[in-house]
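Below, each chain spelled out in residue letters.
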Amino acid sequence: MNIPIDIHTHRLPQTSGKAIVNCEPETFLPQKEGWYSVGIHPWSITAPYACRNNSPTPNLIVSERMNRLETQVCHPLVLAVGEAGLDKLADAPMTLQLEVFERQARLAMEADKPLVIHLVRATDELLALKHTLRPTNPWIIHGFRGKAALAEEYLRHGFFLSFGEKYREEALRLMPAHRLFIETDESDVSIDELYARAAAVRGVPSSELKNSVEENVIKLFFKQ
């Protein structure tokens, strides 16, 4: 079995099973030996009905997509829910984003799978929701680019952080190895190169960083 050392990508990996490929409910077409996360991104909440004539209401569309997602989350190749999220730059109203995010968060908790989170300018809302839901499953903020102080705050609240191509080096350096992930997201840079860069920032061999992240992946995504 391949262990995915790239926990979030939008591109199929060269070696099947070496990355967790992110999909929307409408694009989830699993391939043998692949790994996936499936969720409703805040930027896509309104997309299914914004471009149609005589479209159903947003709430009806969300319900239809959530019904599909509930079935997909049970698929054995789906390792996580997401990317779900909150984004104040997205078109969808924050009230609708909060509703969709909460439903996905509860689904992830029920399935006992990690929740992969897209977050832009909504820290307070995310922390408030986490306090309310008190999830028993891991919450991972993907593509973290914030300052070291923000990273420390998320760590205090029990989050895991995943770093991609762009980040603040001081934030990456302070991360405890057991709360850290690496991802390609939408970058064209290879996952091996991203590990090499991150390892250099942290002052450790790339192989050591890969081993640490692989252990995290096994513990969180494969429940060992």
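Values in this document were obtained by computation on a predicted structure and should not be read as measured data.

Quick look at the packing of helix 7 (residues 191–202) against helix 8 (residues 206–221)
Orientation of helix 7 relative to helix 8, taken along the N-to-C sense of each, is 105°, at an axis distance of 8 Å. The angle between helix 7 and helix 8 places the two elements in the roughly perpendicular class. Where helix 7 approaches helix 8, its residues Asp192, Tyr195, Ala196, Ala198, Ala199 and Arg202 are matched on the opposing element by Ser206, Leu209, Lys210 and Val213. Taken together, the residues that form the contact of helix 7 with helix 8 break down as 6 nonpolar, 1 polar and 3 charged.

Brief notes about the UniProt feature "binding site: a divalent metal cation 2" (unreviewed entry) in the protein
Within the UniProt annotation, "binding site: a divalent metal cation 2" (unreviewed entry) is assigned to His118 and His142. What stands out for the annotated residues spanning 25 residues is how close their C-alpha atoms remain, the widest pair being 6.1 Å apart. Narrowing the list just given to those that line the largest pocket leaves His118 and His142. In this structure the side chain of histidine 118 is engaged in a polar contact, spanning 3.3 Å, whose partner is the side chain of histidine 41. Structurally, histidine 142 is set in the loop between strand 6 (139–141) and helix 5 (148–156). Once you skip the residues sitting within four places of it in the chain, histidine 142 turns out to touch His8, Glu83, Val116, Ile117, His118, Ser162, Glu183 and Asp185.

Some points on helix 3 (residues 94–111)
The terminal C-alpha atoms of helix 3, which comprises 18 residues, lie 25 Å apart, in line with the 26 Å expected from a rise of 1.5 Å per residue. Residues of helix 3 that are buried: Met94, Leu96, Gln97, Val100, Phe101, Gln104, Ala105, Leu107 and Ala108. Down the axis of helix 3, the sector holding all buried residues measures 165°, keeping them to one side. The exposed residues of helix 3 that point more than 90 degrees off its buried face are Thr95 and Glu110. Just downstream of helix 3, aspartate 112 is the residue with a positive phi angle, here 55°.

Conventions we followed
Residues numbered from 1 in each chain as written. Predicted model: local features only at pLDDT ≥ 70, side-chain atom pairs only at ≥ 80, totals over all residues. Heavy atoms only, no water. Axes fitted to C-alpha atoms, helices over the stretch in contact; angles between N-to-C directions. Helix = DSSP H or I, 4+ residues; strand = E, 2+ residues; numbered from the N terminus. Parallel < 35°, antiparallel > 145°, perpendicular 65-115°, else oblique. Contact = heavy atoms within 4.5 Å. Nonpolar A, V, L, I, M, F, W, Y, C, P; charged D, E, K, R; others polar. UniProt positions renumbered as here; feature names shortened; annotations may be inferred. 1 Å grid on protein atoms, 1.4 Å probe; cavity = no way out; pocket = protein on both sides within 12 Å on 5 of 7 lines; lining within 4 Å. Polar contact = N/O pair within 3.5 Å; in protein donor to acceptor, adjacent residues only side chain to side chain. Expected span 1.5 Å × (residues − 1). Buried < 20%, exposed > 50% of the residue type's maximum accessible area, 1.4 Å probe, protein only. Arc of directions from axis to C-beta.

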